[in-house]
Amino acid sequence: MTDALDPAAMREQYRSTPLHETDLPAEPMEQFVHWFKDAAAGHLHEPNAMVVSTATPDGRPSSRTVLLKHFDDRGFVFYTNYTSRKGRELDANPYVSLLFPWHPLARQVIVAGTVARVGRDETAAYFRTRPHGSQLGAWASPQSSVIPSRQELLRRYEELEARYPAGQQVPVPPEWGGYRVTPETVEFWQGHENRLHDRLRYVRTEDEPAGWRVERLSP
């Protein structure tokens, strides 16, 4: 592979405004709102895309990109098939990590916490906002299962499309729904030149009035 690109030679010097402890609000979700707005205003492609990492009880990890669909003081919500690989792993081991890779801004947000399923009413309310085709897709795809071909997937979709034409309400699949990630730590990473990055991490604690302390990590 002599003609392959050499990733070791790929370098980027980040030039950004420093992030100081005094710049941060008392709670991480307020800071997340600030940076999420910056990512959206910067016209990043899918700023709500995040890498969700799970692990089996014996420590075998897996990661995939999922879209954040809601966040508030309680945490971060995404939706999936409960029988998918991530669903099975989360049911067996509720610890999870989220990574928001906002590379054009030289920023990352890294969340570690635990998950719980959202209520069926909340799941149904969100499902109704999805495009009709996405609703059918949730039924057509036995997520993470081995299938014989793409043609089989399309056949299942077409059968559902005939059963539930556009304009007709599609029921919520029983094996599909939301997870809410309750954060235990939230790290805000701001890139700088010479690898002197800012890494400020909120840690949940009962010792502070706001319930969080902020610590600086070495880059």
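What comes next concerns the included structure. Nothing here was measured: the structure is a model prediction, and the numbers come from that model.

The rules we used
- Residues numbered from 1 in each chain as written.
- Predicted model: local features only at pLDDT ≥ 70, side-chain atom pairs only at ≥ 80, totals over all residues.
- Heavy atoms only, no water.
- Salt bridge = Lys/Arg side-chain N within 4 Å of Asp/Glu carboxyl O.
- Helix = DSSP H or I, 4+ residues; strand = E, 2+ residues; numbered from the N terminus.
- Contact = heavy atoms within 4.5 Å.
- Polar contact = N/O pair within 3.5 Å; in protein donor to acceptor, adjacent residues only side chain to side chain.
- Buried < 20%, exposed > 50% of the residue type's maximum accessible area, 1.4 Å probe, protein only.
- Arc of directions from axis to C-beta.
- Axes fitted to C-alpha atoms, helices over the stretch in contact; angles between N-to-C directions.
- Parallel < 35°, antiparallel > 145°, perpendicular 65-115°, else oblique.
- Left-handed = near helix turned anticlockwise from the far one by under 90°.
- Pairing = 2+ DSSP bridges.

**Here we look at the pattern of salt bridges**
Phase 1 of the analysis: Within the structure shown, the criterion is met by 13 salt bridges.
Phase 2 of the analysis: R216 is the salt-bridge partner of E21, the closest N and O atoms lying 2.9 Å from each other. Here E21, found in the segment before α1 (28-41), pairs with R216, found in strand β9 (residues 212-216); they are 195 residues apart in sequence, far enough to count as distant.
Phase 3 of the analysis: Each member of the salt-bridge network shares a partner with another, and the members are E21, D198 and R216.

**A word on the side chain of N93**
Phase 1 of the analysis: By the element assignment, N93 lies in the loop between α2 (85-92) and β5 (95-102).
Phase 2 of the analysis: Ignoring any residue separated from it by four or fewer positions in sequence, one finds N93 in contact with A55, T56 and P57.

**Description of the environment of D91**
Phase 1 of the analysis: Relative to the elements of secondary structure, D91 occurs in helix α2.
Phase 2 of the analysis: As for D91 and R117, which are separated by 26 residues in sequence, their C-alpha atoms are 9.2 Å apart.
Phase 3 of the analysis: Excluding residues within four positions of it along the chain, D91 makes contact with Y82, R117 and Y179.
Phase 4 of the analysis: Only 2.9 Å separates the side chain of D91 from the side chain of R117, close enough to count as a polar contact.

**Quick notes on unusual backbone geometry**
Phase 1 of the analysis: In this structure, N194 takes a positive phi of about 60° despite not being glycine.
Phase 2 of the analysis: Tracing the backbone through its elements, the reader meets N194 in the loop between β7 (176-190) and β8 (198-204).
Phase 3 of the analysis: When its relative accessible area of 54% is taken as the criterion, N194 is described as exposed.
Phase 4 of the analysis: Not every positive phi belongs to a glycine, and R195 is a case in point at roughly 60°.
Phase 5 of the analysis: Turning to its location among the elements, R195 is positioned in the loop between β7 and β8.
Phase 6 of the analysis: For R195, a relative accessible area of 53% puts it in the exposed group.

**Looking at the side chain of T54**
Phase 1 of the analysis: Among the secondary structure elements, T54 is positioned in strand β1 (residues 49-55).
Phase 2 of the analysis: A distance of 2.4 Å separates a polar atom in the side chain of T54 from a polar atom in the side chain of E89.
Phase 3 of the analysis: Sequence-distant contacts of T54, that is, excluding residues within four places in its chain, are made with R60, P61, S62, R64, K86, E89, L90 and V96.

**As for helix α3 (residues 120-127)**
Phase 1 of the analysis: Restricting attention to buried positions, one finds in α3 the residues T123, Y126 and F127. Down the axis of α3, the sector holding all buried residues measures 100°, keeping them to one side.
Phase 2 of the analysis: Each element contacted by the buried residues of α3 is listed here: β4 (75-81), α4 (132-140) and β7.

**So, the packing of α4 against helix α5 (residues 150-163)**
Phase 1 of the analysis: Two elements in contact, α4 and α5, have axes whose closest approach is 9 Å; the angle formed by their N-to-C orientations is 125°. Viewed along their axes, α4 and α5 adopt a mutual orientation that is oblique. In the crossing of α4 with α5, the sense of the turn from one axis to the other is right-handed. Packed against α4, whose contacting residues are G133, L136, G137, W139 and A140, the element α5 presents L153, R156, Y157, L160 and E161 at the interface.

**So, the pairing of β7**
Phase 1 of the analysis: Burial within β7 is extensive, with 12 of its 15 residues counted as buried.
Phase 2 of the analysis: Across six bridges, β4 lies against β7 in antiparallel orientation. When the bridges of β7 are listed, T80 appears paired with G177.
Phase 3 of the analysis: Direction of pairing for strand β6 (residues 107-117) relative to β7: antiparallel, over a ladder of 11 bridges. Considered in β7, the bridge of T114 is made with T182.

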